[in-house]
Every structure is written in structure tokens, then in C-alpha cells.
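Next come the chains, spelled out residue by residue.
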Amino acid sequence: MKIPKNGLPKEEIFKILQDYKGHDLDWQSGKVLGFIYDAGKEVHEVTHEAYTLYLTENALDPLSFPSLLRLENEVVRMTANLLDCSSDVVGNFTSGGTESLILAVKTARDYSRAVKSHIKEPEMVMPITAHSSLYKACHYLGIKPVVTRVHDNTFKADVDAMRAAITDNSILLVGSAPGYAHGVIDPIPEIASLAVENDLLCHVDACVGGIHLSYMRQLGYEVPDFNLNVPGVTSLSVDLHKYGYAPKGASIILHKNKELRKYQIWGCSRWTGYPVINAAITSAKSGGPMAAAWAVLNYMGDDGYKEIVQEVMAATELMIAGVSGIDGLRVLGKPDMCMFALASTTEKINVYHLAEEMKKSGWYLQPQFARENSPANLHISLNRSTVPRAKAFLKDFEKTVENVKHGDVDHQILDLQKELKKLSLEYDDETFFKLAEMAGVTGTEPPENMEKVNMLLEALPYDISEYIMVEFINNMMDSGNHQ
Ligand SMILES: Cc1ncc(COP(=O)(O)O)c(C=O)c1O
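Residues numbered from 1 in each chain as written. Predicted model: local features only at pLDDT ≥ 70, side-chain atom pairs only at ≥ 80, totals over all residues. Heavy atoms only, no water.

### Let's talk about empty space enclosed by the protein
Inference 1: With the rule as written, the count across this model stands at four cavities of 30 Å³ or more.
Inference 2: Each pocket or cavity is described by its volume, and for the largest cavity that value is around 50 Å³.
Inference 3: Ala 104, Thr 107, Ala 108, Leu 172, Leu 201, Thr 234, Ser 235, His 255 and Leu 260 together form the lining of the largest cavity.
Inference 4: If you tally residues by element for the lining of the largest cavity, the top one is helix α4 (residues 97-115), at three residues.
Inference 5: Split into classes, the residues belonging to the lining of the largest cavity amount to five nonpolar, four polar and no charged.
Inference 6: Taken as a whole, the second largest cavity holds about 40 Å³ of empty space.
Inference 7: Lining the second largest cavity are Ala 108, Tyr 111, Ser 112, Lys 116, Ile 171, Asp 199, Leu 200 and Leu 201.
Inference 8: Residue contributions to the lining of the second largest cavity peak at three residues, all from α4.
Inference 9: By residue class, the composition of the lining of the second largest cavity is five nonpolar, one polar and two charged. (1 Å grid on protein atoms, 1.4 Å probe; cavity = no way out; pocket = protein on both sides within 12 Å on 5 of 7 lines; lining within 4 Å. Points joined across faces, edges and corners; volume = space filled by probe spheres on them. Helix = DSSP H or I, 4+ residues; strand = E, 2+ residues; numbered from the N terminus. Nonpolar A, V, L, I, M, F, W, Y, C, P; charged D, E, K, R; others polar.)

### Notes on the sheet that holds strand β11 (residues 339-344)
Inference 1: The sheet built from four strands is open, its strands ordered β10-β11-β13-β12 with antiparallel pairing. Edge positions in the sheet fall to β10 (329-331) and β12 (366-368), since each has one partner strand and no second. Going across the sheet, the axis of each strand differs from the next one's by a mean of 30 degrees, ignoring polarity.
Inference 2: Summarising the sheet, β11 and strand β13 (residues 377-381) pair through five bridges and their orientation is antiparallel. Note on β13: the bridge partner recorded for Phe 340 is Ile 380.
Inference 3: Across the sheet, helix α10 (residues 288-324) lies against β10, β11 and β13, angled at about 145 degrees from β10, the strand it touches most. (Pairing = 2+ DSSP bridges. Axes fitted to C-alpha atoms, helices over the stretch in contact; angles between N-to-C directions. Contact = heavy atoms within 4.5 Å.)

### Focus on the packing of aromatic side chains
Inference 1: Counting across every chain of the model gives 11 aromatic pairs.
Inference 2: Seen from their ring centres, Tyr 37 and Tyr 243 are 4.9 Å apart, and the 80 degrees between their planes marks the pair as edge-to-face. With Tyr 37 in the loop between α1 (10-20) and α2 (41-53) and Tyr 243 in the loop between β6 (235-239) and β7 (251-255), the pair connects residues that are 206 residues apart, well separated along the chain.
Inference 3: Accessibility expressed as a relative area gives 3% for Tyr 243, which makes it buried.
Inference 4: Taken together, a centroid distance of 5.0 Å and an interplanar angle of 20 degrees make the contact between Phe 393 and Phe 397 stacked. Here the residue Phe 393 and the residue Phe 397 both occupy positions in helix α12 (residues 390-406), the gap between them amounting to four residues, near one helical turn. Summarising the burial analysis for this pair, Phe 393 and Phe 397 share the class buried. (Phe/Tyr/Trp six-rings, centres within 6.5 Å; stacked < 30°, edge-to-face > 60°. Buried < 20%, exposed > 50% of the residue type's maximum accessible area, 1.4 Å probe, protein only.)

### As for the layout of surface pockets
Inference 1: One number sums up the size of the second largest pocket: a volume of about 590 Å³.
Inference 2: In this structure, the second largest pocket is lined by 28 residues; those nearest its centre are Pro 62, Leu 69, Ile 277, Asn 278 and Ala 279.
Inference 3: Broken down by secondary-structure element, the contributors of at least two residues to the lining of the second largest pocket are α3 (66-82), β1 (90-94) and β9 (276-278).
Inference 4: The dominant element in the lining of the second largest pocket, judged by the number of residues it contributes, is α3, at six residues.

Right under this line is the structure:
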């Protein structure tokens, strides 16, 4: 594959780009119950136009592009006001939840370096339901994640377990509003008060919930406290590219005040080039995501969001009631917004198999592994595009569950996990190829059927499954062997 000697005609380029999408999830179908937050065609047109209008402006230097500084400040303030923040609260625009969370952890690390210099091996305490990006933040920033249990049945953080996990090296406590997996909000006031007692910072991951929960509250739904007004909460992340319906590349990190935010910002004047000040992680970046986020907030307005939240909540209630009423399944915990997880209560239903069977009628449900007291389950997130499909979902789902319940159990697949126990597992090619063969994964193609893959990955020790996942992607992504 080489850059063509002569450029291709525009029409051909767009034809190829369209063709490449042939095997993607069909996000416009309203049947993709994860990954996608789609508010419909009109909103797309607005975000698309705003994005392209600012495509080339570079947010590397807000002094050279004051329009971007203004857009960023306005988006941050609109978000902070929606979350009922005081005027002391400050924030920045980032590329997504992961960047916001890494910045929250960096701020805590650098703050503790400045005011608690005796801490040499910083630790952060978080429930096992905290998003994987927080593990990534720890990994990148040299922080030890101290992971605590959640309560059986509610899947909310066990605050006593967090208390017991605090040591002289702790710098930060984390809670989620809600955690992605189960859609359940942690007891943020208790976690934050524990942080105050122990002179620690406290971050609330409201990446998925911040916008949706704020409008639920305005609509009169009962929403537990989770924002920066809770005494002890020092930072909060909220994604606009989820339930703000902005295109991907839009999140906000908020800090209680400027004193804390200064530990987030990075400057460099010691190299031979231009002086750099980065409020977030990335340096040069398109103004597109900011402009599109600004446009969608203004286009929807409070009324537009409230309408969507109301519709989405009605569809969620319908789906949760429908799924809970199916013999052999249960919804985990009591979800606080429009996302939930369903697990099996009978050996006859293997949820990973169920997900594969649902794929056949075009539905995508997200498999989640059994971890500690959370059983293997399928995650469902609703958004505006899924609302008209809620009844059709239940119809297809009930039928598929019946078929799975009365179909033959594939003992070969169940035996895989037993076989695994007999293997000696190492971090080497032999282990990788053996496991790939067991999972039916050949070559470097993405597997068609994920059931075996999920069963195996779930049963492996965490570090081995992570090693295998990294190896797989390393093989699948350009490995240098192509023509
Ligand atoms: C609670 C929570 N935090 C963080 C993230 C990470 O966000 P992103 O994928 O935008 O980096 C997600 C993503 O779903 C999430 O649900």
C-alpha cells in the first residue's frame, strides 16, 4: 500500500471511504445499544457544519485563535452552570472521558507532590466499577490503583472498603456517577466526606452521566447528589460526546477552583522551539470538536435536551421492565439512568451466546466479564436513536432468549474454561497461539463470533488476558507485512 503517484478523483475517494464502512456496526439502525449517542439527522447537520467550519483552526495556541479560547470558555461555563457549579469552578475542554480522567489524576499527583512531598509512591482508591481509563491514568502516571469492592446486589462502592484501603500514600478517591457497567451512581457524598476526613482529593467520574443526570434532575427525577457542590468533591469529568450528543472528541474536566487546576496545566520554554502551554494533554488540535460541541449545546437548548431525556427514560423503563420480566434473566442493581446490565439466572442462558444470537437480527449488546461479585452480563445503553426501537427490541429479545433457552447448550464452549485450567500460561507466543486456536481466532482478522473469545478472556488471569489482548491488536494492526 503506497500513496498513489497521482491523486485520485474526489468521487472515487468518497466511494472508497463509503465502501470501507461496509462491515461497521450500523449505528443509524437504532439497534446499536452501546458506543453510539445519536440525536438524529438535524442535530448531525448542525454539528457537521460547525465542525467543518473550525476544522483547520488550531487550538494549540489560544492566543493566536481567540475564537477557540472563547468557544472553550463558553462550553466550559455552559456545562458548569448546567451542573450547578459555583463561579469558582474552572475547567477545560478535552478530547474525551479518558483525557479528562488522566488530567484529573495528573492534577492529584502533582498537587500531592507539591503539598505532600513525603509521598513517594502515590496511591488512588477506587471501586472496581471505576472506568478502565482510570487504570490507564494510573499506568501512565505511575500511581498505584487500590481497587475496592462494591456491594453485592447494588454494585455501589463500599465506602467502608474504601476507608480501609486508605494509607499514608493515598492521594485521591474516585466515585462514578454512574459507573458505566451497571449504570449505578456511587455514594458520592460519603466518598467525598471520607476524602475530607483524610485530607485527600476526590474525583467524580460523571463522563457518561453528567449531562443526562442534570436534565433528569430538572425534570423531577430523583437523582442522588454527585456534583461539585457535594462537600469534598474536588474535580469532575463530564463528556459532551456522550449524552451531550456532540461528535466524538468532546469532554470537560472541571476543578473546584483555579488553585487546583494549575496542577493540570503544563508549560515548556526550555527547548529550542516555540514556547508551549497546554491546559490539556494534546497540543495541536482541530477546533472542530469544540465548535461542534458549542453548536450542539446551543442548538438543543435546555428544552431540546429535556425532551430527549424524557423520551429516553421512558424507553429505558420499558426495556428494564421487559427484560426483568423474562424468566432466566435479571437486571443488575437499580440503574440510575438510561443504561443497565442484564445477567442470566440459569445455566441454560450463556449471555455471550445470547449476544451473538441477537447480532443475527442486527442488535448489538455489549458483553461484560464476570469480575468479583459482578456476574457475566450484557450492557445496554439507550440514546435518542434507540427510543423508537424499544418495543421491537423486546420482541426480538424475548424470542431470542426463548430460542437460546430451548436450544442445545454448547458443551464444547463450556469446557473451554475447564481446559484452560490445565494449561501452563506464560507471556509468550506459544500461549498466545494456543489460546487463539482455542478461541477459533486465526490469522489477524477480527473474530466473527465473540462467544468463545469472551469465555476465554473472562476465565484467564487478568494479566494474561491483557497480554493476549495487546498481542492480538499488535498483530491485527499494521504489522509491517503488507504489500
Ligand atoms: C463513566 C465513564 N468514564 C470514562 C469513560 C471514557 O470515556 P471516553 O471513551 O470518551 O474516553 C467512559 C466511556 O464510556 C465512561 O462511561
